[in-house]
Amino acid sequence: MIQEDMITLSQREIADDIFELKLQGEISGEISEPGQFVHIRVGSESGSVAPLLRRPISICTADQRHQQLTLIYRSTGLGTQLLSHAVKGQKIDVFGPLGHGFPVGAVSEGGRALLIGGGVGVPPLYGLSQALADKGVQITHVLGFRSEKDIFYENEFAELGETIILTEDGTNGRVGRVTDVLADLDFDVAYACGPLPMLIAVQKMITSKPLYLSMEQRMGCGIGACMACAVHTVNPNDDKGYRRVCCDGPVFRAGEVELC
Amino acid sequence: MLDVHLPGLDLKNPVMPASGCFAFGAEYGKLYDLNQLGAIIIKAATLEARFGNPTPRVAETPGGMLNAIGLQNPGVDKIISHELPRLAKYDVPIIANIAGSEMSDYVRTAEKMSKDPVVKALELNISCPNVKHGGILFGTVPEVAAELTARVKAVSEKPVYVKLSPNVTDIVAMALAVEQAGADGLSMINTLLGMRIDLKTQKPILANKTGGLSGPAIKPVAIRMIYEVSQKVKIPIIGIGGIQNADDVIEYFLAGARAVAIGTANFINPFVCMEIIHDLPKKLEAMHIDDINELVGRSWKK
């Protein structure tokens with residue numbers, strides 16, 4: 001984990017308020033698992049204290065050979081809106097990589113993986129899918145969005161495996177939610193990232209196969225010191241009784257922590 | 001140039017991470033050598049383990065953040081058996097922050113903690129706004145704060161610093177009360193009680209509803225309070241609140257602080273304590289100051 005000024009290589013809006021940001025720097029070489037995240041400070045170059053805190057943003061892909069990092073994020077508040085204005089050549093204060101990501105080793109070569117994503121939870125699944133594809137894993141993606149305007153990386157995912165797109169309003173792909181199609185799919189291990197209600201629903205449906213969930217939580221430090229992101233463990237006899245989403249997660253095996 | 005001597009604390013520099021913002025050092029210890037710090041104020045210890053409040057526990061505000069962690073900690077016994085031995089390898093004084101729900105909790109926790117050789121001083125947390133019982137109540141009534149200070153002093157083998165709450169009408173009265181009760185020093189300030197409401201849900205953002213405001217937004221409040229208190233008390237003050245850089249440290253010294261603790265800034269810049277320690281000598285040289293202690297209270301000294 002290092003802190004550096006990464007250089008903006010490119011930035012483009014790839015869906016409604018969804019931005020793809022490519023950065024260059026040494027942090028790319030530190031990444032060990034898909035699903036890790038970086039903590040970004042925006043606006044600091046002006047000496048401003050607003051926004052004050054860093055923004056945790058999941059890593060979409062890391063290209064270690066070219067020292068490049070791709071982030072995909074939704075522009076929702078002050079911090080991410082400012083970030084979306086970063087242009088080529090601009091320096092961005094990045095701290096990372098942080099957290100533990102998806103265990104690629106949970107499925108072996110020739111095995112079948114199911115990747116379930118919802119909205120802005122989709123980006124880290126792309127890096128995971130790349131890593132699984134490199135390993136020779138057969139992949140099915142189930143990606144849910146609100147509407148056609150929110151969809152991104154449809155073709156990129158399709159190149160790596162079967163890709164089922166769902167929209168809540170039916171404007172693209174199948175109408176409905178990711179959980180509507182899970183019962184028909186066969187797999188050895190599943191990975192999910194998305195809004196909490198989606199994770200809860202997925203966890204209810206997938207009970208007999210290994211399932212890994214990436215959680216989201218408001219954070220302070222990002223490294224486990226401030227305890228802002230602590231969640232209860234499911235096992236009451238667990239030694240610690242809690243996990244910190246920032247450093248013990250954000251990816252947990254289903255059943256390890258309470259989803260709340 | 002940066003040496004500071006306070007009761008129980010011989011510091012190579014006046015910069016220490018504030019309680020609650022640095023856990024027990026392990027996380028930041030992966031980023032830099034903790035030996036460079038003046039001291040470390042570790043996360044609050046309570047008699048029993050506490051999970052703390054439900055999440056969300058943090059919310060951002062302009063120039064500040066609200067937190068309602070709720071004193072999450074593994075309890076004093078586990079801190080003594082698991083956390084303090086890990087800190088023993090560092091040549092850095094450890095200040096143990098003590099919190100409780102009842103006076104007797106504070107006393108027992110302080111007694112246990114003060115016996116540990118790694119601990120060089122106690123910081124009495126009478127000002128946490130995020131726990132329902134105890135916490136801030138102890139820090140808003142001078143007589144209660146004084147009684148608690150006296151009882152902890154009676155059992156503590158180490159100097160006791162009392163961390164004052166800014167959520168009071170008369171901060172000088174609070175400071176004088178705990179000084180008369182035997183406090184060896186003051187830490188000030190703790191967070192200011194605050195709240196944010198989410199426009200979408202129209203409900204408070206924090207699960208605890210209210211939280212403690214920290215960060216640059218509270219620095220002027222802390223400076224004012226230290227300016228007032230340092231003129232009235234003889235015991236030293238550790239200044240806390242929104243410190244982000246060496247200039248802020250110098251401002252705190254001018255107000256009357258004799259050391260500083262850095263909280264929220266660690267989250268924004270994990271290397272901030274190191275950067276401040278590195279920058280301070282240059283700043284002092286530019287001011288033609290040989291010893292940082294010369295700055296203490298200059299804003300009010302004649």
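Draft legend 1. Geometry of the overall build of chain A. Scanning chain A from terminus to terminus reveals four helices and 15 strands. In summary, chain A has a C-alpha radius of gyration of 18 Å against a globular reference of 18 Å for 260 residues, a match within 12%. In terms of overall dimensions, chain A has C-alpha extents of about 55 × 45 × 35 Å along its principal axes. Burial analysis of chain A (260 residues in total) assigns 55% to the buried set. Long-range contacts, defined here as pairs at least 24 residues apart, represent 62% of the contacts in chain A between residues at least 6 apart. Looking at chain A as shown, the accessible area adds up to about 10,700 Å², and 45% of this sits on carbon and sulfur atoms. Across chain A, 22 positive and 32 negative side-chain charges occur, with their mean positions spaced 3 Å apart.

Draft legend 2. A look at the overall build of chain B. A tally of regular secondary structure across chain B gives nine helices and 14 strands. Here the C-alpha atoms of chain B give a radius of gyration of 18 Å, agreeing with the 19 Å that 2.2 N^0.38 yields for 302 residues. Viewed in the frame of its principal axes, chain B has a C-alpha envelope of about 50 × 50 × 40 Å. Here chain B holds 302 residues, and 63% of them are scored as buried. For chain B, restricting intrachain contacts to residue pairs at least 6 apart in sequence, the fraction spanning at least 24 positions comes to 73%. Side chains of chain B carry 31 positive and 31 negative charges; the gap between the two charge centres is 5 Å.

Draft legend 3. A look at the interface of chain B and chain A. The interface is formed by 31 residues belonging to chain B together with 27 residues belonging to chain A. Taken together, the two surfaces of chain B and chain A that pack against each other cover about 2,600 Å², and 64% of this comes from carbon and sulfur. Area buried by chain B at its contact with chain A is led by Phe 51, Glu 60 and Ile 268 of chain B, which between them contribute 24% of it. The shortest N-O distance in the salt bridge between Glu 60 of chain B and Arg 55 of chain A comes to 2.6 Å. Across the contact surface, chain B and chain A share nine residue pairs in polar contact (both at pLDDT 80 or more). Of all elements in the fold, only helix H1 (26–29), strand E5 (58–61), strand E6 (64–67) and helix H8 (265–268) of chain B reach the threshold of two or more residues within the side of chain B that touches chain A. Top contributing element to the side of chain B that touches chain A by residue count: E5 of chain B, with three residues.

Draft legend 4. Broad picture of the nonpolar core. Within the largest apolar cluster, 151 residues are counted, with the highest numbers of intra-cluster contacts made by Ile 116 of chain A together with Tyr 28, Tyr 32, Leu 37, Met 113, Leu 186 and Met 188 of chain B. Every residue in contact with Met 113 of chain B, bar those within four places of it in the chain, is listed here: Ala 45, Val 76, Ile 79, Ile 80, Leu 84, Ala 96, Ile 98, Val 119 and Leu 122 of chain B. Ile 14, Ala 113, Val 122 and Tyr 126 of chain A belong to the second-largest nonpolar core, a separate cluster that totals 29 residues.

Draft legend 5. Region of the structure containing the environment of Val 233 of chain B. All names here are of chain B. You can see Val 233 is positioned in the loop between helix H6 (219–230) and strand E13 (237–240). Residue classification places Val 233 among the buried positions, given a relative accessible area of 10%. In the structure, Val 233 is positioned 57 residues away from Leu 176 in sequence and 6.5 Å away in space, judged by C-alpha atoms. Among all residues touching Val 233, those that are not within four sequence positions of it are Ala 175, Leu 176, Glu 179 and Leu 186.

Draft legend 6. Representation of the sheet that holds strand E14 (residues 259–262) of chain B. Residues and elements named next belong to chain B. The strand order across the open sheet formed by eight strands is E3-E14-E13-E10-E9-E8-E7-E4, and the pairing between neighbours is parallel. Edge positions in the open sheet fall to strand E3 (15–17) and strand E4 (40–45), since each of these has one partner strand only. Averaged over all adjacent pairs, the angle separating strand axes in this sheet is 25 degrees, with direction ignored. Packed onto the sheet, helix H2 (residues 76–87) meets E4, strand E7 (94–98) and strand E8 (119–125) and runs at close to 160 degrees relative to E4. Sheet contacts for helix H4 (residues 142–155): E8 and strand E9 (160–163); angle to E8, the most-contacted strand, approximately 160 degrees.

Draft legend 7. Quick peek at the layout of surface pockets. Estimates place the volume of the second largest pocket at around 760 Å³. If you trace the second largest pocket, you find 33 residues lining it, with Lys 240, Tyr 242 and Arg 244 of chain A together with Glu 27 and Glu 83 of chain B closest to the centre. Elements with a contribution of two residues or more to the lining of the second largest pocket: strand E6 (91–98) and strand E14 (242–244) of chain A together with H1 and H2 of chain B. Here the residues of the lining of the second largest pocket sort into 14 nonpolar, nine polar and 10 charged.

Draft legend 8. The arrangement of helix H3 (residues 103–115) of chain B in detail. With 13 residues, H3 of chain B extends 19 Å from end C-alpha to end C-alpha; this agrees with the ideal 18 Å at 1.5 Å per step. Elements in contact with the buried residues of H3 of chain B: E4, H2, E7, E8 and H4 of chain B.

Draft legend 9. Focus on unusual backbone geometry. Residue and element names in this part refer to chain A. The peptide bond linking Gly 96 to Pro 97 adopts the cis configuration, its omega dihedral lying at -5 degrees. Tracing the sequence through the fold places Pro 97 in strand E6. The step from Gly 249 to Pro 250 runs through a cis peptide bond, and the omega angle for that step is 10 degrees. Mapped onto the fold, Pro 250 is located in the loop between E14 and strand E15 (251–253).

Draft legend 10. Fine view of the state of the cysteines. All names here are of chain A. Overall, the coordinates contain zero disulfides over all chains when judged by the stated rule. Between Cys 226, a cysteine without a disulfide, and Cys 221, which holds the nearest cysteine sulfur, the sulfur-to-sulfur distance is 3.9 Å. Classification of Cys 226 by relative accessible area gives buried; the value is 6%. Here Cys 247 stays unpaired: no disulfide links it, and the sulfur of Cys 246, its closest cysteine neighbor, is 4.2 Å away. Given the relative accessible area of 18%, Cys 247 is considered buried.

Draft legend 11. Layout of the sheet that holds strand E4 (residues 55–63) of chain A. All names here are of chain A. Read once around its circumference, the closed barrel built from six strands follows the order E1-E2-E5-E4-E3-E6, with strand pairing classed as antiparallel. The average undirected angle you get between the axes of adjacent strands in this sheet is 45 degrees. With six bridges connecting them, strand E1 (residues 2–15) and E6 associate as antiparallel partners. By the bridge assignment, Ile 2 is partnered in E6 with Gly 96. Against the sheet, helix H2 (residues 123–135) contacts E4 and strand E5 (68–74), and its axis sits at roughly 25 degrees relative to E4.

Criteria and thresholds
Residues numbered from 1 in each chain as written. Chains lettered and ligands numbered in written order. Predicted model: local features only at pLDDT ≥ 70, side-chain atom pairs only at ≥ 80, totals over all residues. Heavy atoms only, no water. Helix = DSSP H or I, 4+ residues; strand = E, 2+ residues; numbered from the N terminus. Rg over C-alpha atoms; globule rule 2.2 N^0.38 Å. Buried < 20%, exposed > 50% of the residue type's maximum accessible area, 1.4 Å probe, protein only. Contact = heavy atoms within 4.5 Å. Areas by Shrake-Rupley, 256 points an atom, 1.4 Å probe, with all protein chains shown as cover. Lys, Arg positive; Asp, Glu negative; His and termini not counted. Charge placed at Lys NZ, Arg CZ, Asp CG, Glu CD. Buried area = accessible area lost by both parts, 1.4 Å probe. Salt bridge = Lys/Arg side-chain N within 4 Å of Asp/Glu carboxyl O. Polar contact = N/O pair within 3.5 Å; in protein donor to acceptor, adjacent residues only side chain to side chain. Core = buried A, V, L, I, M, F, W, Y, C linked by side-chain atoms within 4.5 Å. Pairing = 2+ DSSP bridges. Axes fitted to C-alpha atoms, helices over the stretch in contact; angles between N-to-C directions. 1 Å grid on protein atoms, 1.4 Å probe; cavity = no way out; pocket = protein on both sides within 12 Å on 5 of 7 lines; lining within 4 Å. Points joined across faces, edges and corners; volume = space filled by probe spheres on them. Nonpolar A, V, L, I, M, F, W, Y, C, P; charged D, E, K, R; others polar. Expected span 1.5 Å × (residues − 1). Disulfide = S-S within 2.5 Å.

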